[in-house]
Amino acid sequence: AKGVVIIINKKLLGTSGIITHELVPGRVILVIIPWLKDNPLKILAVCVPNDLTLNQHFWEQIQMKLRNLLKPDIMLGDFNVV
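In this text the structure is predicted, and so the values were computed from the model without any measurement. (Residues numbered from 1 in each chain as written. Predicted model: local features only at pLDDT ≥ 70, side-chain atom pairs only at ≥ 80, totals over all residues. Heavy atoms only, no water.)

## Let's talk about the overall build of the chain
Then comes step 1: Helices and strands together make up the secondary structure of the chain, namely 1 helix and 4 strands.
Then comes step 2: Secondary structure elements of the chain occur, N-terminal to C-terminal, as β-β-β-α-β.
Then comes step 3: Expressed as a percentage of its 82 residues, the buried residues of the chain come to 27%.
Then comes step 4: Contacts in the chain between residues far apart in sequence, at least 24 positions, make up 46% of those at least 6 positions apart.
Then comes step 5: For the chain, the exposed area adds up to about 6100 Å²; of that, 57% sits on carbon and sulfur atoms.
Then comes step 6: Separation between the mean location of the 9 positive side-chain charges and that of the 6 negative ones in the chain comes to 7 Å. (Helix = DSSP H or I, 4+ residues; strand = E, 2+ residues; numbered from the N terminus. Buried < 20%, exposed > 50% of the residue type's maximum accessible area, 1.4 Å probe, protein only. Contact = heavy atoms within 4.5 Å. Areas by Shrake-Rupley, 256 points an atom, 1.4 Å probe, with all protein chains shown as cover. Lys, Arg positive; Asp, Glu negative; His and termini not counted. Charge placed at Lys NZ, Arg CZ, Asp CG, Glu CD.)

The structure is reproduced here in structure tokens:
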């Protein structure tokens, strides 16, 4: 199975102003949450393919897509590294 999700509890944190970027459909999402004044919280969630031959290309693809976006503060997910 593949997929990523970031759940925001709207009772604890307002949802207005949240920006999402799906960098790799079903595999990588970047969520930017308004936090302190001009310092948003950036969370990157990833689900790395199980096939090790795809690993390098996958990370290069993410790096390329992040070039024009804010760098994440937190990265989480399933990295499929054993």
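## Side note on the nonpolar core
Most often, soluble globular proteins keep nonpolar side chains buried together rather than apart.
Then comes step 1: In terms of nonpolar packing, the biggest core is built from 11 residues, these being Leu23, Val24, Val28, Leu30, Ile32, Leu44, Val46, Val48, Phe58, Ile62 and Leu66.
Then comes step 2: The set of elements that each furnish at least two residues to this core consists of β1 (19-24), β2 (28-36), β3 (39-47) and α1 (55-66).
Then comes step 3: Apart from the residues within four sequence positions on either side, Leu30 is in contact with Ile19, Thr20, His21, Leu23, Lys42, Ile43, Leu44, Leu66, Leu69, Leu70 and Pro72.
Then comes step 4: Ile29, Ile33, Ile43 and Ala45 belong to the second largest nonpolar core, which has 6 residues in total. (Core = buried A, V, L, I, M, F, W, Y, C linked by side-chain atoms within 4.5 Å.)

## Some points on a nonpolar patch on the surface
Then comes step 1: Taken together, the side chains of Met75, Phe79 and Val81 make up a nonpolar region of the molecular surface, amounting to roughly 290 Å² of accessible area.
Then comes step 2: Inspection of the secondary structure assignment puts Met75 in strand β4 (residues 74-78).
Then comes step 3: Classification of Met75 as partly exposed rests on a relative accessible area of 44%. (Patch = residues over 30% accessible without salt bridge, like charges linked within 9 Å, V, L, I, M, F, W, Y side chains within 5 Å. Salt bridge = Lys/Arg side-chain N within 4 Å of Asp/Glu carboxyl O.)

## Overview of unusual backbone geometry
With the exception of glycine, most residues fall at negative phi, and the peptide bonds are largely trans.
Then comes step 1: The backbone of Lys37 sits at a positive phi, close to 25 degrees, despite the residue not being glycine.
Then comes step 2: By relative accessible area, which is 88% here, Lys37 ends up exposed.

## Concerning the sheet that holds β2
Then comes step 1: One open sheet holds the 4 strands; their spatial order is β1-β2-β3-β4, and the pairing between them is mixed. Whereas interior strands pair on both sides, the edge strands pair on one side only; in this sheet they are β1 and β4. Averaged over all neighbouring strand pairs, the angle between strand axes comes to 20 degrees, with direction disregarded.
Then comes step 2: Bridge analysis of β1 against β2 gives 5 bridges, and the strand direction is antiparallel. Looking across to β2, one finds that Thr20 is bridged to Val31. (Pairing = 2+ DSSP bridges. Axes fitted to C-alpha atoms, helices over the stretch in contact; angles between N-to-C directions.)

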